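If you want the building blocks of each chain, they are given just below.
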Amino acid sequence: MAQLIFLIVLIGGGWMLYKKFVKDAEKLTQRSKEREKERQTGAIGTLVKDPETGEYRVKRDEE
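Residues numbered from 1 in each chain as written. Predicted model: local features only at pLDDT ≥ 70, side-chain atom pairs only at ≥ 80, totals over all residues. Heavy atoms only, no water.

Engineer: I tried to follow helix α1 (residues 2-41) on my own but got confused; where do I start?
Structural biologist: In an α-helix there are 3.6 residues to a turn, and that puts residues three or four apart on one side. With 40 residues, α1 extends 59 Å from end C-alpha to end C-alpha; this agrees with the ideal 58 Å at 1.5 Å per step. Of the residues one or two after α1, G42 is the one with positive phi, at around 80°. (Helix = DSSP H or I, 4+ residues; strand = E, 2+ residues; numbered from the N terminus. Expected span 1.5 Å × (residues − 1).)

Engineer: When you look at the packing of aromatic side chains in this model, what are you seeing that I'm missing?
Structural biologist: Note on aromatic pairs: each is described by the distance of the centres and the angle between the planes. One pass over the structure, following the stated rule, counts 1 aromatic pair. Ring centres 5.7 Å apart and planes at 35° place the aromatic pair W15 and Y18 in the tilted group. Taken together, the residues span about one helical turn, with W15 and Y18 both in helix α1 at a distance of 3 residues. Under the relative-accessibility criterion, Y18 is labelled partly exposed at 47%. (Phe/Tyr/Trp six-rings, centres within 6.5 Å; stacked < 30°, edge-to-face > 60°. Buried < 20%, exposed > 50% of the residue type's maximum accessible area, 1.4 Å probe, protein only.)

Engineer: Whenever I open this one, the environment of E55 confuses me. Can you help?
Structural biologist: Along the chain, E55 falls in the loop between β1 (47-49) and β2 (56-58). For E55, a relative accessible area of 54% gives the class exposed. In contact with E55, other than residues within four places in its own chain, are V48, K49 and D50. (Contact = heavy atoms within 4.5 Å.)

Engineer: Would you mind going over the environment of G42 with me for this structure?
Structural biologist: Within the secondary structure, G42 sits in the loop between α1 and β1. Along the sequence, G42 and R57 sit 15 residues apart, while their C-alpha atoms lie 17 Å from each other.

Engineer: Mind showing me how you'd approach a nonpolar patch on the surface here?
Structural biologist: Where nonpolar side chains cluster on the molecular surface, the patch consists of M1, L4, I5, I8 and V9 and spans about 570 Å² of accessible area. With respect to the helices and strands, the residue L4 is situated in helix α1. The exposure class assigned to L4 is partly exposed, which follows from its relative accessible area of 48%. (Patch = residues over 30% accessible without salt bridge, like charges linked within 9 Å, V, L, I, M, F, W, Y side chains within 5 Å. Areas by Shrake-Rupley, 256 points an atom, 1.4 Å probe, with all protein chains shown as cover. Salt bridge = Lys/Arg side-chain N within 4 Å of Asp/Glu carboxyl O.)

Right under this line is the structure:
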């Protein structure tokens, strides 16, 4: 019984790590595409509109 519980926990942990890895890889790919597009157009940064104030600002890396 203990072996079964250990196996379930191991598989669940592996699945969570896999999902985290895929999410991080997608985020890195998206950021890479954005930087490549900025490099091609000669832009310094990407502007995003603040929904509350309506003002535009340069997009931060955390977004």
